[in-house]
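What the coordinates show
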Amino acid sequence: MADTVSSADAPALLGAKGYPAALEGIARRAEAFVIPLGALVVGMALFSLFIALVGKSPVLLYETMWRGGFGSWFSIQNSLSRAAPLLLAALCVALPARLGLVVIGGEGAIVLGGVSAAAMGVALSGAPSFIVIVAMGVAGLAAGGIWIGAVGALRHYRAINETISSLLMAYIAIALMNQLVEGPLRDPASLNKPSTQPLANIYRIGNIPGMEVHWGLAVGVVACVLSWVLIEKTRWGFAARIAGGNVRAAQVQGLAVGPLIVGFTALAGGFAGLAGMLEVAAVQGSANGSLAASYGYTGIFVAFLARHNPLAIIPVAILLGGIDASGGLIQRRMDLPDAAVLVLQGMLFIVILLSETLYGRVKAFNPDLWRRAS
Amino acid sequence: MDATGIGLWGVPLAILGGAIRVSTPFIFVSLGEAITERSGRINLGLEGTLVFGAMTAYAVAVMTNSPWLGLLAAAAAGLCFGLFHGWICKFPKVNDIAIGIALMLFGSGLAFFFGKPFIKPKAPNLPAIPFGAWSDIPQVQAALDVNVLFLIGAALSLVLWWAFRNTRAGLIVRVVGDSSDAARAMGLDPNTVRLIATGVGGALAGIGGAYLSLYYPGSWTERISSGQGLMAVALVIFARWNPLGCFASALLFGGAGALGPALQSVGVTQGYYLFYAAPYILTLIIMIATSSPTRSLAGAPGELSITK
């Protein structure tokens, strides 16, 4: 872009071709909202077409989805409950992504975080509930952090691709959980569904007052806000963004890229482990096979849709929670397979990724292109 | 599974049989992925292609009563998925790994959506050749019952190994995979070559899926794949992008996967679930042992995003 004029050369109040400078700012900012929203609309339109092709009414479908996801206080609470683990699972993808890493094995950290938390809860039974719950949280954070931190360490110190290793480790984690839940940690009373011993009620995490949504939602939102502060407002976040842009440049600048990568991946895994702990302490009451409920994989989608911005993860996770929550109603009301939700997610995901190609190339959002046209 | 008749010999025999049975989908998916990756792209969506191929093959086999038509339909469906991936990835700034994850979701979603009515009916299976017929020991017969697709896969890996070295098409794929600039200088269009390579890779993954639903385990369920499509990506790296290596490591994977059930059959039940993870642990260990931060992987295509 040799022919572009930097804004410093342009007159202070007037941009290119006499456009007010303020308009340029608005155009540049609008890009970050209009492109993803537009992609969302296009994806939904394509899904309407798909639904029409299989002989159902798209209008009825979206009406049902709205009713099942957000139409009533009951369905809103249902959506928020489903969003809670997605917030933390998405952070497990978004934080490493800022360093240029694609970590897709958050499921493993969720599962191990849940098992560690359950084991901690059983081991400490009898202690005051506050201490036990905090210890369970720490156990979940630590297990997930070690697991994904190891992925980061392998990446930096052994040059092993993080996408592949995190995925392998997710399968290993699930096998490890099955082994523990079937073996040393098994509650003999759990016959049909092997589980760890159930947590006493005082060690369970309850609902946010006035809602049928457990505290995990609040934890997830706080984690997203803290992650945003970490990335945007601290020097570690600044260093991470530099390393994510160009590792060589970061190393030349003297940044300790290794500890940065291990630290960010460990934190990311810690959040996913915390999601597992919350599933155990707030939903399941014990660790069992239900921990591998593919929140880790939906989290990948949430993070990419939010373009790895921790604050954007909050609305996206709630939207996805709503789509997820409406699956049952779609199945019952419209006689469609529940996999319809999966098809919709896949379509949205593809269109959103495809829309990445538009950034900086749509004339309306890029004042540099206005100038070039003149 | 009763191994008492032949005692502990049942274990290696069961592992051999398991290696042959379990490895076949790995062979096809990893050969497909090897072609795609040699051209410089990575397709993680093969997992979705595999599941969709399994469903298509089963559905077509149920409707036409011919497993071979099912196989063909699965390959065609896989080709479409592969071409779709190849087409999307030609746009600038589109991440091929992320598109793969999206296609994985989309392919599995479509397979479950259309596959619902086919969970109940029974489809005809692909034929197997009883190489163990000379023996009257049932375990030997079971282990040496080899499906034709395994033999086709073995032949295909030889052909591909030869073709990458000795044919014009093989050279074109390798050039495009090693340097887009060099390929353009030769008058080749990297996007077209990658489109075709990804398409062929998808078709092979579809065939791998057909094996799952039409031979082993031989039915269509939503849990038919245990991540074979994703494992194949690791397997290709493990095999250093060499088709013969893909075949050998697929066998190794199959054998490792058969270790748990084989040991269980002779009464070793400790650590059953950990044996289940043996292929994954094995891959990780070998990846750790063979990579180094100072040099790039031997044989890695230069344009491949995961090795840069």
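Residues numbered from 1 in each chain as written. Chains lettered and ligands numbered in written order. Predicted model: local features only at pLDDT ≥ 70, side-chain atom pairs only at ≥ 80, totals over all residues.

For the rest of this paragraph, the subject is the overall build of chain A. Tallying secondary structure elements over chain A gives 15 helices and 0 strands in all. For chain A, whose C-alpha radius of gyration is 23 Å, the value lies close to the compact-globule estimate of 21 Å for 374 residues. With respect to the principal axes defined by its C-alpha atoms, chain A has extents near 75 × 60 × 40 Å. Sorting the 374 residues of chain A into buried and exposed places 51% on the buried side. (Helix = DSSP H or I, 4+ residues; strand = E, 2+ residues; numbered from the N terminus. Rg over C-alpha atoms; globule rule 2.2 N^0.38 Å. Buried ≥ 20, exposed ≤ 12 C-beta atoms within 10 Å, placed from the backbone.)

Counting its secondary structure elements, chain B contains 13 helices and 2 strands. Here the C-alpha radius of gyration of chain B, 20 Å, is about what a compact globule of 308 residues would show, namely 19 Å. Of all 308 residues assigned to chain B, the portion counted as buried reaches 54%. Intrachain contacts of chain B at a sequence separation of at least 6 include 77% that bridge at least 24 residues. (Contact = placed C-beta atoms within 7 Å.)

What follows concerns helix α5 (residues 129–158) of chain A. In this model, α5 of chain A (30 residues) spans 42 Å end to end at C-alpha, consistent with the 44 Å of a helix rising 1.5 Å per residue. Residue A159 of chain A follows α5 of chain A closely and has a positive phi angle near 55 degrees. (Expected span 1.5 Å × (residues − 1).)

A few words now on the interface of chain B and chain A. Residue-level contacts link 40 residues of chain B with 38 residues of chain A. Counting only elements with at least two residues in the side of chain B that touches chain A, the list comes to α4 (96–115), α10 (228–238), α12 (272–276) and α13 (278–290) of chain B. Counting residues per element, the side of chain B that touches chain A draws most heavily on α4 of chain B, which supplies 13 residues. Class assignment of the residues belonging to the side of chain B that touches chain A gives a composition of 30 nonpolar, 8 polar and 2 charged. (Nonpolar A, V, L, I, M, F, W, Y, C, P; charged D, E, K, R; others polar.)

Okay, the confidence of the model for chain A next. Here chain A averages 89 in pLDDT, while 94% of its residues score no lower than 70. Considering only residues more than four positions removed or in separate chains, one finds that residues 1–12 of chain A, a stretch of pLDDT under 50, has 9 contacts. (pLDDT = per-residue confidence, 0-100.)

The next subject is the packing of helix α4 (residues 106–123) of chain A against helix α6 (residues 162–182) of chain A. How two helices sit against one another is set out by the angle between their axes and by the gap between those axes. Residue and element names in this part refer to chain A. As a packed pair, α4 and α6 sit with axes 7 Å apart at the nearest point and diverge in direction by 25 degrees. On the basis of the axis angle, α4 is roughly parallel to α6. Here the hand of the crossing between α4 and α6 comes out left-handed. Between α4 and α6, the contacting residues are E107, G108, V111, L112 and V115 on the first element and M169, A170, A173, I174, L176, M177, L180 and V181 on the second. Split into classes, the residues belonging to the contact of α4 with α6 amount to 11 nonpolar, 1 polar and 1 charged. (Axes fitted to C-alpha atoms, helices over the stretch in contact; angles between N-to-C directions. Parallel < 35°, antiparallel > 145°, perpendicular 65-115°, else oblique. Left-handed = near helix turned anticlockwise from the far one by under 90°.)

Glancing now at the nonpolar core. Counting residues in hydrophobic clusters, the biggest one holds 224 residues, and the most contacted among them are L87, A90, L91, V302, I313 and A317 of chain A together with L235 of chain B. Top contributing element to this core by residue count: helix α10 (residues 257–284) of chain A, with 16 residues. Those residues in contact with A317 of chain A, other than ones at most four positions away along the chain, are A83, L86, L87, A90 and V302 of chain A. (Core = buried A, V, L, I, M, F, W, Y, C linked by C-beta atoms within 7 Å.)

A separate point is the environment of L160 of chain B. All names here are of chain B. Here L160 shows up in helix α6 (residues 148–166). With 10 residues separating them along the chain, L160 and G170 place their C-alpha atoms 8.3 Å apart. Apart from the residues within four sequence positions on either side, L160 is in contact with L31 and P243.

The linkage connecting Y216 of chain B with the following residue, P217 of chain B, adopts the cis geometry, with an omega of 5 degrees. Tracing the backbone shows P217 of chain B in the loop between α9 (190–214) and α10.

So, on to the environment of S290 of chain A. Counting through the fold element by element, S290 of chain A comes out in the loop between α10 and α11 (295–305). Expressed as a C-alpha distance, the spacing of S290 of chain A and G55 of chain A, which sit 235 residues apart in the sequence, is 34 Å.

A few words on the confidence of the model for chain B. Residue and element names in this part refer to chain B. A residue-level look at chain B finds 95% of positions with pLDDT of 70 or above and a mean pLDDT of 88. Per-element averaging of pLDDT across chain B places helix α5 (residues 138–143) at the bottom with 79 and helix α3 (residues 67–88) at the top with 97. For this predicted complex, the interface confidence score (ipTM) comes to 0.89, while the overall pTM stands at 0.88.

Residue and element names in this part refer to chain B. In the contact formed by α10 and α13, the axes pass within 10 Å of each other and the chain directions differ by 35 degrees. The two elements α10 and α13 cross, and the hand of that crossing is left-handed. Listed contacts from α13 to M231, A234, I237 and F238 of α10 are P279, T283, I286 and M287. Split into classes, the residues belonging to the contact of α10 with α13 amount to 7 nonpolar, 1 polar and no charged.

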